[in-house]
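Examining the three-dimensional arrangement
Here are the chains, one letter per residue:
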Amino acid sequence: MRADPRRRVPRTDTLLADPELAAASARLGRELVKTAVAQVQQRIRDGALAPADAVPAVLSGLSATASSLRPVLNATGVLVHTNLGRAPLSPAALEAVVAAGATTDVELDLVTGRRGPRGEAAIAALLTAVPAAEAALVVNNCAAALALTATALGGELVIARGELVEIGDGFRIPELLEATGARLREVGTTNRVTLADYRAALSEQTGAVLKVHPSNFVVRGFTRSVPVAELAAGLAGSGVPLVADVGSGLLRPHPVLPDEPDLQTTLADGADLVLASGDKLLGGPQAGLVLGRAELAQRLRRHPLYRAFRVDKTTLAALEATLRGPLPPVQQMLAADVAGLRRRARGLAARLAAAGLDAVAVDSEARVGGGGAPEHPLPSAAVSLPAEFAAPLRAGTPPVVGYLAGDRTLLDLRSLRTEDDEALAAAVLEVAIRCR
Ligand SMILES: *Cc1c(COP(=O)(O)O)cnc(C)c1O
């Protein structure tokens, strides 16, 4: 009889009954483990794996969680990278998410046993952080905040031509606003708008004047826009609300980003409502923040669409913990001094060079990204490796995403949490061994 290698392929039942794989099934679900088992059986059938190694091979083929989303080391130098999930949550926010992910008192008053206001603590944290706001609400993202505002305030929205912004990946704010049924009343030209332009556009139909922060481009040369304070003063007495979409979610002015608008100043300057994202410079979960006058916030909250845009308990928990807890990673990255970044780069490069790699520390430029502080480079430092490292680093465990500069792969350290330096070094060494 011919020796049939398939005879030696361990049976699915036998493998799934292995104590380690049974434990993995309990944790990750039977289907995920079965898929990994099938892949390993195929490798054995192909003669690429010894049958005795089946169990460890299945284990190493399993993802760490039941989700296939994998943690990635962000060495792109872009602090808020939309393709990498924007802001990494702080450990405090992550803990809060885990706790709130179970059943929680998000909408129940435990003292009276009655229904309570949803997300009250996160709202309170926002109002503490931005004292100029009378009220706040939290929706799914800043796009939802814009859609809700446009719908609830209704009528015509007066907006400067130079602020008809495309945020990214085909997301155009004017198209979103029009999709709600609002009419746009464009004022000024691409490069210039004055207070008189806004005032001339006001009518019975005006629902709001909207200012949108040009968060991913700058216009230079013969330009003029109307600052919030001037616009608010010019609209005083008209009864028309001034809504400002500031995008990045800075709570207060930031010394590193002098041109980036913030929630507190924009309200203090006279905006009636400010809108922002939660997962950009605020450093929290994906969310849309709406802060400002109580009467307007109430109109938004009472609108039927609010229910479609509201956030879940884990978002509320992460937001509250971001606001009340220790400085979130994005804020730490923003504040990092370049001397410290250079020290980290030199330390890492020296370790890699000692292992025989062509690695050097170089100065680099990082960016805020994700719609914030366009053209404002942040001085940074990187580990420079040969270009060939880029692709295998992305395919590693954990994947590392850097960027190419000429014939080098740069791993920028400003966008990487300091506590991830060790994992970065290990990932690079692993690639060096694999590709040797
Ligand atoms: C990023 C951005 C948005 C969109 O925010 P999301 O939270 O991604 O929906 C809207 N407006 C401005 C000015 C932005 O910068």
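The structure reproduced in this document is the subject of the present report. (Residues numbered from 1 in each chain as written. Predicted model: local features only at pLDDT ≥ 70, side-chain atom pairs only at ≥ 80, totals over all residues. Heavy atoms only, no water.)

1. Let's talk about the overall build of the protein chain
Tallying secondary structure elements over the protein chain gives 18 helices and 15 strands in all. Taken along its principal axes, the extent of the C-alpha atoms in the protein chain is 95 × 55 × 40 Å. For the protein chain, the proportion of its 436 residues judged to be buried stands at 47%. Only carbon and sulfur atoms are counted for the fraction: they give 53% of the accessible area of the protein chain, which is about 21,100 Å². Charge-centre separation for the protein chain: the mean point of 46 positive side chains lies 5 Å from the mean point of 46 negative side chains. (Helix = DSSP H or I, 4+ residues; strand = E, 2+ residues; numbered from the N terminus. Buried < 20%, exposed > 50% of the residue type's maximum accessible area, 1.4 Å probe, protein only. Areas by Shrake-Rupley, 256 points an atom, 1.4 Å probe, with all protein chains shown as cover. Lys, Arg positive; Asp, Glu negative; His and termini not counted. Charge placed at Lys NZ, Arg CZ, Asp CG, Glu CD.)

2. Overview of helix 6 (residues 120-129)
Taken together, the buried positions of helix 6 are A122, I123, A125, L126 and A129. For helix 6, the angular spread of the buried residues around the axis is 160 degrees, confining them to a single face. Residues of helix 6 that are exposed and point over 90 degrees away from its buried face: E120 and T128. Buried residues along helix 6 sit in contact with strand 2 (135-139), strand 10 (288-292) and helix 14 (313-324). (Arc of directions from axis to C-beta. Contact = heavy atoms within 4.5 Å.)

3. What to know about the sheet that holds strand 6 (residues 183-187)
Taken together, seven strands build an open sheet; the order of strands is 2-10-9-8-7-3-6 and the sheet is mixed. Where the open sheet ends on each side, the last strands, each with one partner, are strand 2 and strand 6. Going from strand to strand, the sheet's axes swing by 25 degrees on average, the running direction of each strand aside. Taken together, the five bridges between strand 2 and strand 10 define a ladder with antiparallel strand orientation. Within the sheet, the bridge partner assigned to V138 lies in strand 10 and is L289. Of the strands in this sheet, strand 2, strand 3 (156-160), strand 7 (206-212), strand 8 (242-247), strand 9 (273-277) and strand 10 touch helix 7 (residues 142-153), which is tilted by about 150 degrees from strand 9. (Pairing = 2+ DSSP bridges. Axes fitted to C-alpha atoms, helices over the stretch in contact; angles between N-to-C directions.)

4. Some points on the nonpolar core
Side chains of nonpolar character tend, in soluble globular proteins, to be buried together. Counting 39 residues, the largest nonpolar core has Y198 and L291 as its most contacted members. With five residues, the top contributor of residues to this core is helix 6. Non-local contacts of Y198, meaning those with residues more than four positions away in its chain, are made with V158, A160, E163, V187, V193, V209, K211, V226 and L231. Counting 31 residues, the second-largest nonpolar core is a separate cluster that includes A135, A147, L210 and Y306. (Core = buried A, V, L, I, M, F, W, Y, C linked by side-chain atoms within 4.5 Å.)

5. Some thoughts on unusual backbone geometry
Along the chain, T397 connects to P398 via a cis peptide bond; the corresponding omega equals -5 degrees. Secondary-structure assignment places P398 in the loop between helix 17 (390-394) and strand 13 (400-401). Positive phi, close to 55 degrees, is recorded for R86, a residue that is not glycine. Relative to the helices and strands, R86 resides in the loop between strand 1 (73-74) and helix 5 (91-101).

6. Things to note about the side chain of H213
Within the secondary structure, H213 is located in the loop between strand 7 and helix 10 (228-235). Among residues more than four places away in sequence, those in contact with H213 are V165, D245, V246, D259, E260 and P261.

7. A closer look at the site of the ligand
Around the ligand, the surrounding shell holds 14 residues, and the nearest of these are A143, S215, D245, S277 and K280. Between the ligand and A143 there is a distance of 2.8 Å, counted from an oxygen atom to a backbone nitrogen or oxygen. Here an oxygen atom of the ligand and a side-chain polar atom of S277 are 2.7 Å apart. Burial of the ligand by the protein amounts to 95% of the accessible area it has alone, namely 390 Å². Every element with two or more residues in the shell around the ligand is listed here: helix 7 and strand 8. (Near = heavy atom within 4 Å. Polar contact = N/O pair within 3.5 Å; in protein donor to acceptor, adjacent residues only side chain to side chain.)

8. A closer look at the pairing of strand 10
Counting buried positions along strand 10 gives five out of five residues, so the element sits mostly inside the fold. Across the two faces of strand 10 the burial is the same, with G288, V290 and G292 and L289 and L291 all buried. Here strand 9 pairs with strand 10 via five bridges, running antiparallel. Within the sheet, the bridge partner assigned to L275 lies in strand 10 and is V290.

9. Concerning the pattern of salt bridges
Following the criterion strictly, the structure yields 20 salt bridges and no others. Residue D279 pairs with R86 through a salt bridge whose shortest N-O separation is 3.0 Å. Residue D279 is located in the loop between strand 9 and strand 10, and its partner R86 is located in the loop between strand 1 and helix 5; the two are separated by 193 residues in the primary sequence. Overall, D279 belongs to the buried group, its relative accessible area being 7%. Via salt bridges that share partners, E107, R115, R118 and R310 belong to a single interconnected network. (Salt bridge = Lys/Arg side-chain N within 4 Å of Asp/Glu carboxyl O.)

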